[in-house]
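Below, each chain spelled out in residue letters.
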Amino acid sequence: MASRKESTSVSSTAMASTGGTLDSPVKQIQIEGLVVLKIIKHYQEEGQGSEVVQGVLLGLVVDDRLEITNCFPFPQHTEDDADFDEVQYQMEMMRSLRHVNIDHLHVGWYQSTYYGSFVSRALLDSQFSYQHAIEESVVLIYDPIKTAQGSLSLKAYRLTPKLMEICKEKDFTPEGLKKANIGFEQMFEEVPIVIKNSHLISVLMWELEDKSTVADKHELLNLSSSNHLEKSLQLLMDRVDDMSQDIVKYNTYSRNLSKQQQQKHQYLQRRQQENAQRQSRGEPPLPEEDISKLFKPPQPPPRMDTLLIAGQINNYCQNVKEFTSQNLGKLFMAEALQGHN
Amino acid sequence: MSRFFATGSDSESEESSSADEITPKAPGATFKQSLLLSDDEEDTKRVVRSAKDKRFEELTNLIKTIRNAMKIRDMSKCLEEFEQLCRAFLKSKNIVDKEGIPPFYIRLLADLEDYLNQLWEDKEGKKKMNKNNAKALSTLRQKIRKYNRDFESEIAAYKENPQESADEEEEEKEPEDSGSSSDSEGEVSSKSFLKKKPEAPSEATKFLKTAKGSGDESSSSDEDDDDDDEDWGSDQSGSSGETSDKEEGKTSSMSVLFLKKAQDTEKLGVRKEERKKKLKQKERIEEEAEEEGGEESGGGWEKVKGGVPLVKEKPKMFAKGTEINTAVVVKKLNEILQARGKKGTDRAAQIELFHALAAIAAENNLGQGILVKIKFNIIASLYDYNPNLAAFMKPDMWKKCLDCIDELLDILFEHNNIFIGENIAEDSENLAVSDQPFRVRGCILTLVERMDEEFTKIMQNTDPHSQEYVDNLKDEGRVCGIVDRLLTYLENKGSTEEICRVYLRRIMHTYYKFDYKAHRRSLGLQGETKSEQDQEESEGEDSAVIMDRLCKFIYAKDRTDRIRTCAILCHIYHHALHSRWYQARDLMLMSHLQDNIQHADPPVQILYNRTMVQLGICAFRQGMIKDAHNALLDIQSSGRAKELLGQGLLMRNMQERNAEQEKIEKRRQVPFHMHINLELLECVYLVSAMLLEIPYMAAHEFDARRRMISKQFHHQLRVGERQPLLGPPESMREHVVAASKAMKMGDWRTCHSFIINEKMNSKVWDLFPEAQRVREMLVRKIQEESLRTYLFTYSSVYDSISMATLSEMFELEMPTVHSIISKMIINEELMASLDQPTQTVVMHRTEPTSLQNMALQLAEKLGNLVENNERVFDLKQGVYGGYFNRDQKGGYQQKQSYQRDQKSYQQKQSGYQRGGYRNQNQGNY
């Protein structure tokens, strides 16, 4: 990640020269059709199953709008070419693109997802480094499975300022998170997306729509649901298991902590009593000892993972909810059709 | 040659010592005298003898001195001389190596040790001894002990055959003596020599005196005796005073030497006498004095001479001419009894003594009372024979014991006027023949109980696979006979408590035996041509009737809980053994033993375990598979069936328990002939588990919360699965596992062939008394359960299935099939309905889809999660604010919503249950 940060810092200086720091945060993202197609293509070519593909987004900020005008994929690398230099590749890519007069400003990255499972530590870390370097950068999450069902699923996320703070401080202890007052709901914020094509392309589309016969196939109306739901539930269940484990861990921690507190308390009291006795006998009080040495507080479990899991669970739930509500609608429709016939 | 010489010199030394003995009146002078004597000898013989002889002479002289010191009880002197002797012996080592250890040396060592031991045990004498002497005594004793260790074998050999040396002596002596004294005299002296009493010098002197009395001085006066004693005393003190200057710690003894000899001769005869003598020293001294006074010649000698035990024994018991009456015998009896339990008492000899006493009593017609009393004591001492609890009786002892008890019972039966009891005080006994009935203290019941325990012990300690075991087991009949006789006896005379106890004994010998006669009779076979003996046998009472009668008596009369508990358990066991399942079960349930058996002592618990196991096996025979499984579950699930049934110790525990515990546990073991076959037990358990578990598994294949009915069975299945290559089953377990696999597929024929075949028959099924019936039951069960399994497993494949087909497939009658399926439908195990006109089962597809299953699982997991979360929250409340920074109110609300969630979840669950997917309890199976 560090390397990537380096590269981004280069570009950010470049950007700074153009626009300086953002006066107003990005409120909307405008994506070129080209980018969407490129991402879909990338996934179809390289990512299969639960494999994840990633790439770089290029574009620029206009007012409160982030325009993403182009992208290029990270190459899939295998074990053999471990010494492959990603940074070098990116720089090369961007330089080449600049040569053909394409926007070359780094504004974020994209990633495909498998049944909506993308809220992870890795994503958090890279998004943080991006956002740390380039404030406006976002991550585009492309869900190929939903897309295959008939509706394009593309979402842009970025970290909330609060989470940025925490990540900067790297304080993931319960106390730290508590102080930051952050919940899983406030970790990521979604930015609305608009897909924009040039007029020429729109014209072409109109033209094509008339000619094509493919459009008869309506994936959208597929009634089968159990497969997708099952997968989702399976994943959800795994997350829930993780969550349970984390909670148990945390539980143990807090119990240990309170036990130790009690011991500490007792110890102090005993000390006090002894001192009082000594005083009454006219002896000097016992020397103060370092209590923290005597009672080493147990290592608090990092809570960020739990937060992420919660976020992920939330995500799954949204997915399932969305999916089932759609399906329900479809079922009613089908029923109505049945009745009509 | 050398040997001759050696003995020669030896005899010489003896000679001189005998000379000493003959002149004991001037003990002060003896020492010098003997020295002089030896000097003379040396002078005369020096010319002839070689270096070896010189050495030996030196030794001999020292020995002589020691013997003298022993005689006068001068311990310090003894010690001094002994040390010198040792040194001298070392010096002559090379000669000794060449020639072997001279026998006289060994004799001295043995004698000295015995003498010292005797002195040591004579507490009185020790007290009287002055300090130096006492000190020297202990030192010397230790020294000699250590020293003698090197000569153990020689000493043992000598002790075995002391006569030899004595004879040699005599031989030597006779010619020498013959010149100076008459034959008779020589004899006497030699005898006296042999006779010399070890105990006390006074005694020794007495003998010597008598010897003299017969020879030189016809009458020795008591005064002399006294004088002697005094002299010795003064001498002792004097010598000790002398030595004390130089060597404080040393002691010496003298007069001891002869003792050895006396002991040896006695050893040939009866060793116990010695002990008795010690006990009754005074008495005897008087006696002897009397005798001496009365009969100076032959008569008196007879007694002394008595190398033969019997001759000696009798006079020992009763002085000759004493009128033997009850009182005297009782007195004697008590005397013998006093030695009982004391250290060093020869128990075997004691028994002999009792026998002799009994014989005397019988001879003199002292009546049955005394006889009974003696018998009691004989049996008691027989039991006492083994000092520790773990050891068991030797066969001959055991036989003797049985005989004795039998005889005792004979007497008791013959003579109605004998009252025996523990509570009859010793002094209120009436043993003499009189008009009053005899009253004897003693408890025959205790004796018989002890005998029974001994019998168990013998059986426990015999290798169960040896012929010896069979031989021992044959005694069981006698034991039972005795118990039976006692039972009849006590029924007339005993108290209720005693009757209860003896009944329990009887029950204990009955409950585990299968009553083949009754069994045959119940089958109606007894009319067939049986030998007369058989018929006679079958005329006896059924063991069931006996058990019933005895147990009921105990239930009614017993006041100790333990006897009743045991009786109940035995009764149940007996019922179960004879397939009276309902009686057995009801009795078990009524007794409420299951609740509090863990408070009972281990033997009762073992009995309880045995009973439960027998109950389970009985249930199995009756086809109550579930009951069988439940009864066996506890024993089998622990994997320690062997230990729990008291049929062997597990090696695993060896390290955990120490030797003491192990011994205790060993004592608890059930004798082999009462064992329950463990393989049969395990097989019954596994087959029951199979019959229960396989259909259950089939029914709940997708149930996440499925519970195992039998862990052990699952374990076996897993072991079977782990096998990389499955050969044909060999062991019983493998058979059951293979059968289970077949049953899982609903293939009852294969299952049947695995469970019931040649191998399994010989291993297991033939062990049942009604093997054929059990097998039939088993086949039927297998068919039924296979049918159920088949329906569970394959119902999803069928839309409908005809009952005729099913009945054909499983070779069951239509009604049976019908009833099984109906039951399954009613229990909501099978989603189907019966179509009456076509006789088909129509399946309803209602299993949850995998998605539904998944959702259920998720719900469960979420429940867990919520629970965990709640726990965290509970901890948080109060001390720290919530991690999510909720305020109190928010947390509370949150909690409520959790609860709501949970409730709805539960509702969901219960709704589901109503839908009938959830497994119903197996109860109504």
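Just above, that's the structure.
For clarity, every value in this text was computed on a predicted model and none was experimentally measured.

Cut-offs applied
- Residues numbered from 1 in each chain as written.
- Chains lettered and ligands numbered in written order.
- Predicted model: local features only at pLDDT ≥ 70, side-chain atom pairs only at ≥ 80, totals over all residues.
- Heavy atoms only, no water.
- Contact = heavy atoms within 4.5 Å.
- Buried area = accessible area lost by both parts, 1.4 Å probe.
- Salt bridge = Lys/Arg side-chain N within 4 Å of Asp/Glu carboxyl O.
- Polar contact = N/O pair within 3.5 Å; in protein donor to acceptor, adjacent residues only side chain to side chain.
- Helix = DSSP H or I, 4+ residues; strand = E, 2+ residues; numbered from the N terminus.
- Nonpolar A, V, L, I, M, F, W, Y, C, P; charged D, E, K, R; others polar.
- Pairing = 2+ DSSP bridges.
- Axes fitted to C-alpha atoms, helices over the stretch in contact; angles between N-to-C directions.
- Patch = residues over 30% accessible without salt bridge, like charges linked within 9 Å, V, L, I, M, F, W, Y side chains within 5 Å.
- Areas by Shrake-Rupley, 256 points an atom, 1.4 Å probe, with all protein chains shown as cover.
- Buried < 20%, exposed > 50% of the residue type's maximum accessible area, 1.4 Å probe, protein only.

**Quick word on the interface of chain A and chain B**
Interface size is often expressed as the accessible area that is lost when the parts come together.
So, point 1. Taken residue by residue, the interface counts 26 residues in chain A and 20 residues in chain B.
So, point 2. When chain A packs against chain B, the two sides together hide about 2,200 Å² of surface, and 68% of this comes from carbon and sulfur.
So, point 3. For the pair chain A and chain B, the number of links is one salt bridge.
So, point 4. Taking the shortest distance from any N to any O, the salt bridge between A:D241 and B:K861 comes out at 3.1 Å.
So, point 5. Across the chain A-chain B interface, the total number found is one residue pair in polar contact (both at pLDDT 80 or more).
So, point 6. Contributing elements (two or more residues each) for the side of chain A that touches chain B: α7 (174–180) and α9 (226–281) of chain A.
So, point 7. No other element matches α9(A), which puts 20 residues into the side of chain A that touches chain B.
So, point 8. Classifying every residue of the side of chain A that touches chain B by side-chain character gives 13 nonpolar, eight polar and five charged.

**Some details on the side chain of B:Q647**
So, point 1. Here B:Q647 lies in the loop between α34 (641–644) and α35 (659–668).
So, point 2. Setting aside residues up to four positions removed in sequence, B:Q647 forms contacts with B:R610, B:K642, B:Q669, B:H675, B:I676 and B:L678.

**What about the sheet that holds strand β3 (residues 800–802) of chain B?**
Residue and element names in this part refer to chain B.
So, point 1. In spatial order, the strands read β3-β5-β4; together these three strands make up an open sheet with antiparallel pairing. Edge strands, defined here as strands with exactly one partner in the open sheet, are β3 and β4 (832–835). Strand-to-strand twist of the sheet, defined as the mean angle between neighbouring strand axes without regard to direction, takes the value 20°.
So, point 2. Summarising the sheet, β3 and strand β5 (residues 840–843) pair through three bridges and their orientation is antiparallel. If you follow S802 over to β5, its bridge partner there is T840.
So, point 3. Against the sheet, helix α43 (residues 814–826) engages β4 and β5, with an angle of about 140° to β4.

**A word on a nonpolar patch on the surface**
Residues and elements named next belong to chain A.
So, point 1. Together, L200, I201, L204, M205 and L208 line one region of the surface with nonpolar side chains, adding up to about 510 Å² of accessible area.
So, point 2. Here L208 is to be found in helix α8 (residues 199–211).
So, point 3. Given a relative accessible area of 43%, L208 falls into the partly exposed group.

**Some remarks on the pattern of salt bridges**
Residues and elements named next belong to chain B.
So, point 1. One pass over the structure, following the stated rule, counts 40 salt bridges over all chains.
So, point 2. Its salt-bridge partner being R485, residue D410 comes within 2.5 Å of it at the nearest N-O pair. Taken together, the positions of D410 in helix α22 (residues 395–414) and R485 in helix α24 (residues 467–493) put the pair 75 residues apart, joining distant regions of the chain.
So, point 3. Note on R485: relative accessible area 23%, which makes it partly exposed.
So, point 4. With its nearest N and O atoms 2.9 Å apart, the salt bridge here joins R501 to E449. Of this pair, R501 sits in helix α25 (residues 496–510) while E449 sits in helix α23 (residues 444–460), placing them 52 residues apart in sequence.
So, point 5. Overlapping salt bridges, with partners in common, bring together D403, D406, D410, R478 and R485 in one network.

**Structural notes on the sheet that holds strand β6 (residues 154–159) of chain A**
By definition, the strands of a sheet pair up through backbone hydrogen bonds, in either a parallel or an antiparallel sense.
Residues and elements named next belong to chain A.
So, point 1. Taken together, the eight strands give an open sheet; going across it, the order is β7-β6-β5-β4-β2-β3-β1-β8, and neighbouring strands pair in mixed fashion. For this open sheet the edge positions go to β7 (188–191) and β8 (193–196), each flanked by a neighbour on one side alone. Adjacent strand axes in the sheet meet at a mean angle of 35° when their direction is disregarded.
So, point 2. Across eight bridges, strand β2 (residues 54–62) lies against strand β3 (residues 65–73) in antiparallel orientation. Residue pairing across strands places L58 opposite N70, the latter belonging to β3.
So, point 3. Across the sheet, helix α3 (residues 86–99) touches β2, β3 and β4 (106–112), and the angle it forms with β3 is around 115°.

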